[in-house]
Structure formats: structure tokens, C-alpha cells
Amino acid sequence: MLLCDIGNTSYHFLDGSREYKQDVKTFDPSSIKEKVYFICVNNTLHVRLKSLSNWIDLSEYIDKEKYYKTMGIDRIFAVESVSNGIIIDAGSAVTVDVVKNDEFMGGFIYPGIKAMQKTYENISPALAYSFNFECDLDIMPKNSQDAISYGYLKTLYCEVMSHQLPIILTGGNALEFKKIFPDAKIDTALIFHAMKKIIKENEDRLC
Ligand SMILES: Nc1ncnc2c1ncn2[C@@H]1O[C@H](COP(=O)(O)OP(=O)(O)O)[C@@H](O)[C@H]1O
Ligand SMILES: CC(C)(COP(=O)(O)O)[C@@H](O)C(=O)NCCC(=O)O
Ligand SMILES: [K+]
């Protein structure tokens, strides 16, 4: 079975147990001939996929009553995959969602690594650094790279830790964030758990 989670950077495929990614800018979805179950946050792509009959949109099968109208479908499926914890999906944006005893408590959206590094660089070339994920967030920075790294990471770190919940990390930048959340569990296939659940619950209508 072929599943796909389409974000603003990647087509994230799960083919059986094999995970792989394609760039949204270059990949041609019509090159896939087999049935593929997907969710998509990218509206332009979403319109295009409607014309491909083998691309089946799972967002139509989720009970959206528990979520707000404009909530990203990737966040909804991540929340549906977790009973208790705080989910950090580190992709084009970093989304953070809190689930307690199967109830969605709310969440927030933070700039992704690439977007935020570009923001600093656009302010001044003096801020053109990649973030240092090894920087000690308990010490006030005394160099430019750590000054922007701390500026970006400390707020997110404090907010996430304040919930005192198990941390589940997913998304293309999960490994970087694992450095500041060492106790977090990484599950790059998190969203696919809910996709499989939805397919099973609707197999009479889907297969
Ligand atoms: N194979 C990969 N393809 C694309 N981005 C990757 C890959 N591996 C890691 N990354 C990092 O992950 C980020 C994209 O995360 P991802 O979760 O794929 O994005 P989204 O869900 O927003 O489409 C990129 O900005 C890049 O830094
Ligand atoms: C915040 C997102 C862009 C994250 O998507 P991604 O990083 O996977 O590209 C996506 O969840 C989205 O389009 N959300 C809509 C706004 C909201 O969730 O409130
Ligand atoms: K994502």
C-alpha cells in the first residue's frame, strides 16, 4: 500500500515499510500509476491531485468536528496518531500540538529552520548562520551564531517543556530538534499511523 503526506517542501511516501521523499517543486504526481492514499496541506497541489483518480484524499474520511476549520490536515493526522503527548512536526513550519487522553488541547505554529535562518539573513549578512543545535540553552550566548540559535530555540524549548508531556518528534528536521529534546521519541512515520487507521476504518468505501 502506498501512502503520501504532502507538505510545503516534500511528498513524504511510505511504500510498505520504505519511507522516501520527493521535492514538491520537481516531482510529477502523474508519474505514479498505482493507487496512493494521501493528505496534502499544499492547496495548489491539492487542486492538481483532484484530476488524478488514483490519488485518494484521506482528509475526506476524518471526523473534523474535534478540530478548527483551518487546521492543517497534517496536524490533524499527527494528533489522531497520538493519545497523550506533545507533537513537534519540524518541517517547512514547525507545528506543536498537545494531546491529552485522546483529546486535542490545541497547538501553535513556529517558523521552520530554513525559513527562520532566511529571516535572520534578510535582516543582515551579519546574521547569516545556520542554527547551532548544540548551543547550551542554559547559558546566555556570547557569540553571533549562538545569539540567533538561542533566540530561535529557547522560546520553543521552554514552551514545549512547560507542558511536561512525552515529546514526539516528526518531520524532516526531527533529528536536529532531537539535540535540544534528547528525551523525545522520533517517529518520522507518525502521520502514516492515522492514515492506516482511517483506511482500515473505511476499507469498504476505499479499497
Ligand atoms: N529527504 C529530504 N527531503 C527534503 N527535506 C528534507 C529531507 N531530509 C531532511 N529534510 C529537511 O526537512 C525539511 C522539510 O521537512 P518536511 O517534513 O519534509 O517538510 P514538509 O512536511 O513541510 O513538506 C527541509 O527543509 C530539510 O531541511
Ligand atoms: C502549518 C503548516 C503549513 C505546516 O505544514 P508543513 O510544515 O508540513 O508544510 C500546515 O499545518 C498548515 O497549512 N496549517 C494551516 C493553518 C493551521 O494549522 O492553523
Ligand atoms: K509537516
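Preceding this paragraph is the structure being described.
The structure displayed is predicted, hence computed values, not measured ones.

Overview of the site of ligand 2
Step number 1: As a matter of local geometry, ligand 2 sits amid 14 residues, with Asn8, Tyr68, Gly72, Asp74 and Arg75 nearest to it.
Step number 2: Take Asn8: an N or O atom from its side chain is 2.8 Å from an oxygen atom of ligand 2.
Step number 3: Burial of ligand 2 by the protein chains amounts to 78% of its free accessible area of 460 Å².
Step number 4: Among the elements of the structure, helix 2 (73-80) and strand 7 (93-100) are those that each provide at least two residues to the shell around ligand 2.
Step number 5: Its residues assigned to classes, the shell around ligand 2 shows five nonpolar, seven polar and two charged.

A look at the pairing of strand 6 (residues 85-90)
Here is the key point about a regular strand: its side chains alternate between the two faces of the sheet.
Step number 1: Burial of strand 6 is extensive: six of the six residues sit out of reach of the surface.
Step number 2: Neither face of strand 6 is left uncovered, since the one carrying Gly85, Ile87 and Asp89 and the one carrying Ile86, Ile88 and Ala90 both have all their residues buried.
Step number 3: Where strand 6 meets strand 7, six bridges bridge the pair, whose relative direction is antiparallel. Opposite Ile87, over in strand 7, you have Asp97 as the bridge partner.

The rules behind these values
- Residues numbered from 1 in each chain as written.
- Chains lettered and ligands numbered in written order.
- Predicted model: local features only at pLDDT ≥ 70, side-chain atom pairs only at ≥ 80, totals over all residues.
- Heavy atoms only, no water.
- Near = heavy atom within 4 Å.
- Polar contact = N/O pair within 3.5 Å; in protein donor to acceptor, adjacent residues only side chain to side chain.
- Areas by Shrake-Rupley, 256 points an atom, 1.4 Å probe, with all protein chains shown as cover.
- Helix = DSSP H or I, 4+ residues; strand = E, 2+ residues; numbered from the N terminus.
- Nonpolar A, V, L, I, M, F, W, Y, C, P; charged D, E, K, R; others polar.
- Buried < 20%, exposed > 50% of the residue type's maximum accessible area, 1.4 Å probe, protein only.
- Pairing = 2+ DSSP bridges.

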